[in-house]
Amino acid sequence: MSRSAHPAGPRHADVLPEGHYSAPPADLNRLDPKVWSRTVERDEQGQLTVGGLSVTRLREEFGTPAYFLDEDDFRARCRAWADAFGKDADVFYAGKAFLSRAVVRWLKEEGLNLDVCSGGELSTALSAGMPAERIAFHGNNKSTDEIHRAVEAGVGRIVLDSFQEIVRVAHIAQSLGKRQRVQIRVTVGVEAHTHEFIATAHEDQKFGIALAGGQAAEAVRRALTLDGLELIGIHSHIGSQIFDMAGFEVSARRVVQLLAEVRDEHGVELPEIDLGGGLGIAYTSDDDPREPHHIAKALTEIVSRECEAAGLRTPRISVEPGRAIVGPTAFTLYEVGTVKPLEGLRTYVSVDGGMSDNIRTALYDAEYSVALVSRTSDAEPMLTRVVGKHCESGDIVVRDAFLPADLAPGDLIAVPATGAYCRSMASNYNHALRPPVVAVQDGEARVIVRRETEEDLLRLDVG
Ligand SMILES: *Cc1c(COP(=O)(O)O)cnc(C)c1O
């Protein structure tokens, strides 16, 4: 049934109730604070403002399409996560959600650590001054060059993903005269996604080393014998856009079982466990994400309970939220180009971007909200599909949305909650120019990632 596989199992759309979008919202002009960033509101003229700046002003200065990121909101979310987990735990922001040098500086100032998963992300982090010991290096196929750079820079941990990598990292560390702190990523047989999780014995996917069949225990055994490695703990990441803590409960229980086995076999109590990221955010008014302090309380309780039962000291916990920090902080601003009513079906609204700046709808059947933001309207709601300008019929930004029936070319519409996995997954399909990311705070806006130009495209094309 599913034409696109979601990394965490069934697609969101598969588990939605029937007729999800059957009724238009009561007030099309309302901007639901659940899906918009903290400083977003409508001004007296009916325009959306963020950080005190109106969208027409932002459009004049920065053009469309563009991502506008609410810096106060980003920093507040960092602090909320850091405060919720406190001194006895570590919060690593998953850089793959969205990374830029400004973001690295904010993370550094707000006391967070950073996950990277490529040489490119590592150099972005280091070039913006993130201390190497606050960086964790991930990935299922790190190149020897990437490993070399990470060990040489002195990253705080490398998360080992395969038997080959255990040997590879040990060898590189030894050749550099170092002992690298590492965790082993295990697959616990839990696929968690949104409101469901599935506990299985085996996982048919590329990440990590299976707990099943004693694989992970064998990986620990090998890592403990290698001089180049200091094994500090076990890592598990179970999915994305998760609202329900039950998947974490199963995962923590299975990881703690492994810790107990390791103690029994080697007499070593590994001091850390990392429970990964994947915490959900509100893309539409129907989503109800938990606050960081609820999540922190639930996770620490689960781990302490399981450790107590196994007679282990409670390890230091780390978590790796990406989407939950940056996702809600940004929206994408588009200009409407064409409005095409299809009799008896719906109205297609074409914008000046599309799958090149937001691939998630095409890739995962992700859901988004959308609003007319350059004015308010008293017109009736009309059922629309917001589409991009690319040469693909799957180039959909918002599959089902109600917009006012008087929507016209030149209007500005905005899609909220596009801070995560939109700019970071953006492409040049059809030689599109990737949009800028503009940070907005206290009446000031500045470009943190500039818009691509045709010159940029031609510079790569060496003829
Ligand atoms: C992707 C990923 C994350 C972040 O996931 P979010 O859904 O953005 O919170 C954290 N840890 C690992 C290992 C990941 O691969």
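Starting from 1, residues in each chain are numbered consecutively following that chain's sequence as written. Owing to the predicted nature of the model, reporting of local features is limited to residues with pLDDT of at least 70; listing and counting of side-chain atom pairs is limited to 80 or more, with chain, interface and lining totals taken over all residues. Derived side-chain values reflect all non-hydrogen atoms in the structure, with water molecules and hydrogen atoms excluded from consideration.

Draft legend 1. Here's a closer look at the sheet that holds strand 10 (residues 190-194). Overall, mixed pairing links the three strands, which are arranged 11-10-14 in an open sheet. The open sheet terminates on both sides in strands that have one partner only, identified here as strand 11 (196-199) and strand 14 (239-242). On average, each strand axis in the sheet is inclined to that of its neighbour by 20°, with strand direction left out of account. Alignment of strand 10 against strand 14, held across three bridges, turns out to be parallel. Across the sheet, the residue bridging to threonine 194 is isoleucine 242, located in strand 14. Note on contacts: a residue pair is in contact if any heavy atoms of the two residues lie within 4.5 Å. Note on definitions: angles span 0 to 180 degrees between N-to-C directions of axes, and those axes are lines fitted to C-alpha atoms, for helices only across the stretch in contact. A run of H or I in DSSP counts as a helix once it spans at least four residues, and a run of E counts as a strand once it spans at least two, with each numbered from the N terminus. Against the sheet, helix 8 (residues 246-266) makes contact with strand 10, strand 11 and strand 14, and its axis sits at roughly 30° relative to strand 11, the strand it touches most. Pairing between strands is defined by DSSP: at least two bridges between the two strands are required.

Draft legend 2. Molecular detail of the packing of helix 4 (residues 119-127) against helix 5 (residues 144-153). Between helix 4 and helix 5, the least distance of the axes is 10 Å, while the angle of their chain directions is 25°. Viewed along their axes, helix 4 and helix 5 adopt a mutual orientation that is roughly parallel. Along this stretch, helix 4 crosses helix 5, giving a crossing that reads as left-handed. Together, Gly119, Leu122, Ser123 and Leu126 of helix 4 and Glu146, Arg149, Ala150 and Ala153 of helix 5 make up the contact between the two elements. Grouping the constituent residues of the contact of helix 4 with helix 5 by class yields four nonpolar, two polar and two charged. An angle below 35 degrees is treated as roughly parallel, one above 145 as roughly antiparallel, one from 65 to 115 as roughly perpendicular, and anything else as oblique. Each crossing gets its handedness from the near helix: less than a right angle anticlockwise from the far helix is left-handed, clockwise is right-handed. We call Asp, Glu, Lys and Arg charged. Ala, Val, Leu, Ile, Met, Phe, Trp, Tyr, Cys and Pro are nonpolar, and the rest, Gly among them, are polar.

Draft legend 3. Just the domain arrangement of the protein, in detail. Note that domain bounds follow an automatic or database assignment of domains. You can read the domains of the protein as domain 1 (41-70 + 328-460) and domain 2 (71-326). With centres defined by C-alpha atoms, the gap from domain 1 to domain 2 works out at 33 Å. The interface of domain 1 with domain 2 comprises 23 residues on the first partner and 19 residues on the second. Each of two parts loses accessible area, computed with a 1.4 Å probe, when they are put together; buried area is these two losses added. Counting the surface lost from both domain 1 and domain 2, the interface buries some 2000 Å², and carbon and sulfur atoms represent 56% of this. Together, Pro328, Tyr421 and Gln441 form the three largest contributors to the area buried by domain 1 at its contact with domain 2, with a combined 29%. The working definition used for a salt bridge is a side-chain nitrogen of Lys or Arg within 4 Å of a carboxyl oxygen of Asp or Glu. In this assembly, domain 1 and domain 2 are joined by one salt bridge. With a closest N to O distance of 3.7 Å, arginine 446 and glutamate 71 form a salt bridge. Elements represented by at least two residues in the side of domain 1 that touches domain 2 include exactly strand 4 (66-70), strand 23 (437-441) and strand 24 (444-449).

Draft legend 4. Highlighting the pairing of strand 23. When you tally the buried positions in strand 23, you get four out of five residues, the bulk of the element. As paired elements, strand 4 and strand 23 share four bridges and run parallel to each other. Among the inter-strand pairings, phenylalanine 68 is bridged to a residue of strand 23, identified as valine 438. Pairing between strand 23 and strand 24: five bridges, direction antiparallel. Considered in strand 24, the bridge of alanine 439 is made with arginine 446. For every residue, the accessible area (1.4 Å probe, protein chains only) is compared with the maximum for its type, and the residue is labelled buried under 20%, exposed over 50%, or partly exposed between those bounds.

Draft legend 5. Geometry of the pairing of strand 6 (residues 113-116). Here strand 6 shows two buried faces, one formed by Asn113 and Asp115 and the other by Leu114 and Val116. Relative to strand 6, strand 5 (residues 89-94) is paired through three bridges, and the arrangement is parallel. The residue bridging alanine 94 from the neighbouring strand is aspartate 115, located in strand 6. Note on handedness: a clockwise path from strand one over the helix to strand two, with the strands aimed away from the viewer, defines a right-handed crossover. A crossover links strand 5 with its parallel partner strand 6, the connecting element being helix 3 (residues 101-110), and its sense is right-handed. Here three bridges tie strand 6 to strand 7 (residues 135-137), and the two strands are oriented parallel to one another. Across the sheet, aspartate 115 pairs through a bridge with alanine 136, a residue of strand 7. In terms of handedness, the path from strand 6 via helix 4 over to strand 7 forms a crossover that is right-handed.

Draft legend 6. Layout of the sheet that holds strand 1 (residues 41-42). The strand order 1-2-3 describes an open sheet built from three strands, whose pairing is antiparallel. With one partner strand each, in any of the chains shown, strand 1 and strand 3 (53-54) form the two edges of the open sheet. In terms of strand pairing, strand 2 (residues 48-50) meets strand 3 through two bridges, oriented antiparallel. From the neighbouring strand, valine 50 faces strand 3, where its bridge partner is leucine 53.

Draft legend 7. Looking closely at unusual backbone geometry. With an omega dihedral of -10°, the bond running from threonine 64 to proline 65 counts as a cis peptide bond. Mapped onto the secondary structure, proline 65 falls in the loop between helix 1 (55-62) and strand 4. The phi torsion at aspartate 442 lies on the positive side, around 45°, for a residue other than glycine. Along the chain, the position of aspartate 442 falls in the loop between strand 23 and strand 24.

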